[in-house]
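A look at the structure
Residues per chain, in single letters:
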Amino acid sequence: MILLDLTIVAVANPAIMADLHTDISGVVWVTSAYLLTFAVPLLVAGRLGDKIGPKRIYLTGLTVFTLASLWCGLSGSIGMLIAARAVQGLGAAMMSPQTMAVITRIFPPAKRGQAMGAWGAVAGVATLVGPLAGGVLVDGFGWEWIFFINVPVGVLAFVLALRFVPELPTRDHRFDIPGVVISAVGLFLLVFGLQEGNRYDWSAGIWTMIVGGLVVLVGFVVYEARSSHEPLVPLVLFRVRNFSLANIAIMAMGAAVTGLMLPGFFYLEAVQEMSPTRAALVFAPMAVMSMVLAPVVGRLIDQMHPRYLPMIGFACFSGGLFWLSAIMAVDTPVWQLVLPIMLMGIGNACVWPSLGATATHDLPVTDAGAGSGIYNTTRQVGSVLGSAAIGALITARLAAHGLSGGASEGQAGPLPEFVRKPFAEALAESMLLPASVLLIGLVASVLFVRHRSSSRPVDRPSSQEVAAASPRLAG
């Protein structure tokens, strides 16, 4: 649900604009509000899970997310929808770090790969299924149903988590209030500036926010390093080489996945003149490959050197994007587009679960929530970077081909015949950015080292709870 709602709204934007009588700036904020309230509290939410218990924070976040989804669907104005999306993002931020933290604490390192395989499959597929699900729901029922669909899923998830996820021991962490405030301010300035850069033509005010956010975040790191109290972000975690490298790699992955969506769907809908649902079906083989390969990848994670699977994944994903960029022409048949998309699916299946398992493998169980919060924050900041960068690049490439950048604002539709070829070329050139960013993840994966001993004890709640819950989770 969390990752689906990052992409599903894109397909519904025209319907929301028409029904709520708003403009492009209004619907942009439907996504921006969600991204902001999702990204900023992640560090705090991860630490709250360590202090109060991941199950409690997860269930609280799930309740907030589900009720906010209902509110979104019932919204009668764009202002109400934006407010509901902001609350929905807060619920997502509470949930997201707890998922990795629970897996890290229940499964011993040597057996964690299969669990992360399932987790990674969901994460990888959800970002791709969003546009397809959005197209089907908007075409068949109306834009409200992209939010209403979360309600029964949320209720079912609550019941299952209440029944099967065990209560895990908590530790009386001190809460670093100054760290919370400083990190929130820094992340807000950075994320807001990156998100809204294109909208304000990268004005001096936007650059001031971005630079200010970076300065505040540097100050946050200095504060955390010198703090005599328990820090919000234990910097000692970054001494774990694989954890640091996995954060670099997942930032590249987040940026690339977000970055490929905009030129990919503009090309299919505007140049190839497909409907949103048909365009989403063209990308469906990527999700199918991810789902089919997920169990295989999960079994291999525990048996292979940590560098091999993500290396293969980043190489396949990047290669598929370079290939797709090379064939994005006006008259390219669909079957030729599907081949590189399938290769991207192989890469997708290899990257998500292997990076998650590698990031958490050698972390102390006492910092599972903090580590998960850092990892998810890094991924989310990467997504924002990818979104901002691809928007700016598409505008620049359209201008270079003598076209107005207006199409990059989100108005996909039929193009005049004389415009289609330069438009396709501009989008193909833009696709080179996410393809190149994935090479950063490839380099980071090459530098992974073998895990420490997998024999250290796992943070289990009790023998009775393990007997009742862990086999079901493993199954």
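Residues numbered from 1 in each chain as written. Predicted model: local features only at pLDDT ≥ 70, side-chain atom pairs only at ≥ 80, totals over all residues. Heavy atoms only, no water.

In the annotation of an unreviewed UniProt entry, the entry for the protein reads MFS transporter, and the organism field reads Skermania pinensis. Annotation of the protein in UniProt includes, under Subcellular location (unreviewed entry), the sentence "Cell membrane". (UniProt positions renumbered as here; feature names shortened; annotations may be inferred.)

**Topic: the overall build of the protein**
Helix and strand content of the protein: 18 helices and 0 strands. Relative to the compact-globule value of 23 Å for 475 residues, the protein shows a C-alpha radius of gyration of 22 Å, a close match. Referenced to the eigenvectors of the C-alpha coordinate spread, the extents of the protein come out at roughly 70 × 45 × 45 Å. Expressed as a percentage of the 475 residues in the protein, the buried residues total 56%. Residue pairs at least 24 apart in sequence account for 84% of intrachain contacts in the protein once pairs closer than 6 positions are excluded. Element-wise, carbon and sulfur atoms account for 69% of the exposed surface of the protein, whose accessible area totals about 18500 Å². Across the protein, 27 positive and 25 negative side-chain charges occur, with their mean positions spaced 14 Å apart. (Helix = DSSP H or I, 4+ residues; strand = E, 2+ residues; numbered from the N terminus. Rg over C-alpha atoms; globule rule 2.2 N^0.38 Å. Buried < 20%, exposed > 50% of the residue type's maximum accessible area, 1.4 Å probe, protein only. Contact = heavy atoms within 4.5 Å. Areas by Shrake-Rupley, 256 points an atom, 1.4 Å probe, with all protein chains shown as cover. Lys, Arg positive; Asp, Glu negative; His and termini not counted. Charge placed at Lys NZ, Arg CZ, Asp CG, Glu CD.)

**Brief notes about the pattern of salt bridges**
Counted under the stated rule, the structure contains 5 salt bridges. Ionic pairing is found between D50 and R47, a salt bridge with its closest N-O pair at 3.1 Å. Taken together, the residues D50 and R47, both in helix α3 (residues 42–52) and 3 residues apart, mark about one turn of the helix. Take D50: its relative accessible area is 3%, and that puts it in the buried class. Across the pair E425 and K421 runs a salt bridge, and its minimum N-O distance is 2.6 Å. One end of the pair is E425 and the other is K421, both in helix α16 (residues 417–430) and 4 residues apart, which spans about a single turn. Since its relative accessible area comes to 30%, E425 is described here as partly exposed. (Salt bridge = Lys/Arg side-chain N within 4 Å of Asp/Glu carboxyl O.)

**Section: the packing of helix α4 (residues 54–74) against helix α8 (residues 150–164)**
The contact between α4 and α8 brings their axes to 9 Å, and the two run at 165°. Here α4 lies roughly antiparallel to α8, going by the angle between them. Handedness of the crossing formed by α4 with α8: left-handed. Each of K55, Y58, L59, L62, T63, F65, T66, S69 and L70 in α4 lies in contact with α8, whose residues at this interface are N150, V151, G154, A157, F158, A161 and L162. Class assignment for the residues of the contact of α4 with α8 results in 10 nonpolar, 5 polar and 1 charged. (Axes fitted to C-alpha atoms, helices over the stretch in contact; angles between N-to-C directions. Parallel < 35°, antiparallel > 145°, perpendicular 65-115°, else oblique. Left-handed = near helix turned anticlockwise from the far one by under 90°. Nonpolar A, V, L, I, M, F, W, Y, C, P; charged D, E, K, R; others polar.)

**Examining the packing of helix α12 (residues 276–301) against helix α14 (residues 334–361)**
Close contact between α12 and α14 brings their axes to 7 Å; oriented N to C, the two are set at 35°. Considering the relative orientation of α12 and α14, their crossing is right-handed. Residues of the contact of α12 with α14, tallied by class, amount to 18 nonpolar, 4 polar and 1 charged.

**Section: unusual backbone geometry**
Phi is positive for H21, which is not a glycine, with a value near 55°. At E273, a residue that is not glycine, the phi angle is positive and equals roughly 60°. Along the polypeptide, E273 turns up in the loop between α11 (241–271) and α12. Judged by its relative accessible area of 44%, E273 falls in the partly exposed class.

**Concerning the environment of F266**
Mapping F266 onto the fold places it in helix α11. As a C-alpha pair, F266 and L427 span 161 residues in sequence and 7.8 Å in three-dimensional space.

**Brief notes about a nonpolar patch on the surface**
Side chains of W323, W335, L339 and M342 sit close together on the surface and give an oily, nonpolar patch of about 420 Å² of accessible area. Broken down by element, the residue count for the nonpolar patch peaks at 3 residues, all from α14. Position of W335 relative to the elements: it lies in helix α14. (Patch = residues over 30% accessible without salt bridge, like charges linked within 9 Å, V, L, I, M, F, W, Y side chains within 5 Å.)

**Some words on the environment of I2**
Tracing the sequence through the fold places I2 in the segment before α1 (4–20). The spatial distance from the C-alpha of I2 to the C-alpha of A161 is 16 Å, given a sequence separation of 159 residues. Sequence-distant contacts of I2, defined by excluding residues within four places in its chain, comprise Y34, F38, F65, A92, M95 and S96.

**Points about helix α5 (residues 78–106)**
Along an α-helix, a turn takes 3.6 residues, which lines up residues three or four apart on a common side. The terminal C-alpha atoms of α5 lie 42 Å apart, and with 29 residues this matches the ideal 42 Å at 1.5 Å per residue to within 8%. Buried residues dominate α5, accounting for 21 of its 29 residues. (Expected span 1.5 Å × (residues − 1).)

**A closer look at the side chain of R420**
Considering the arrangement of structural elements, one finds R420 in helix α16. Within polar-contact distance, the side chain of R420 engages the side chain of E417 at 3.2 Å. Filtering out sequence-adjacent residues up to four positions away, R420 remains in contact with V271, E273, V330 and L415. (Polar contact = N/O pair within 3.5 Å; in protein donor to acceptor, adjacent residues only side chain to side chain.)

**So, the packing of aromatic side chains**
One pass over the full model with this rule turns up 9 aromatic pairs. Ring geometry for W29 versus F192: centroids 5.7 Å apart, planes at 40°, classification tilted. Placement of the pair is W29 in helix α2 (residues 24–39) and F192 in helix α9 (residues 177–196), with a sequence separation of 163 residues. When the ring of W145 is compared with that of F148, the centres are 5.3 Å apart and the planes differ by 80°; the resulting orientation is edge-to-face. You can see W145 and its partner F148 sitting in helix α7 (residues 145–148), 3 residues apart, about one turn around the helix. Note on W145: relative accessible area 39%, which makes it partly exposed. An aromatic cluster of three or more residues is present, and its members are W29, F188 and F192. Directly above the ring of Y34 sits R85, whose terminal nitrogen or CZ lies 4.3 Å from the centroid. (Phe/Tyr/Trp six-rings, centres within 6.5 Å; stacked < 30°, edge-to-face > 60°. Lys NZ or Arg CZ within 6 Å of the ring centre and 35° of its normal.)

**A few points about helix α13 (residues 308–327)**
The end-to-end C-alpha separation of α13 is 29 Å, in line with the 28 Å expected for 20 residues at 1.5 Å each. Residues of α13 that are buried: L309, P310, G313, F314, C316, F317, S318, G320, L321, L324, S325 and I327. On its buried side, α13 packs onto α11, α12, α14, α16 and α17 (432–446).

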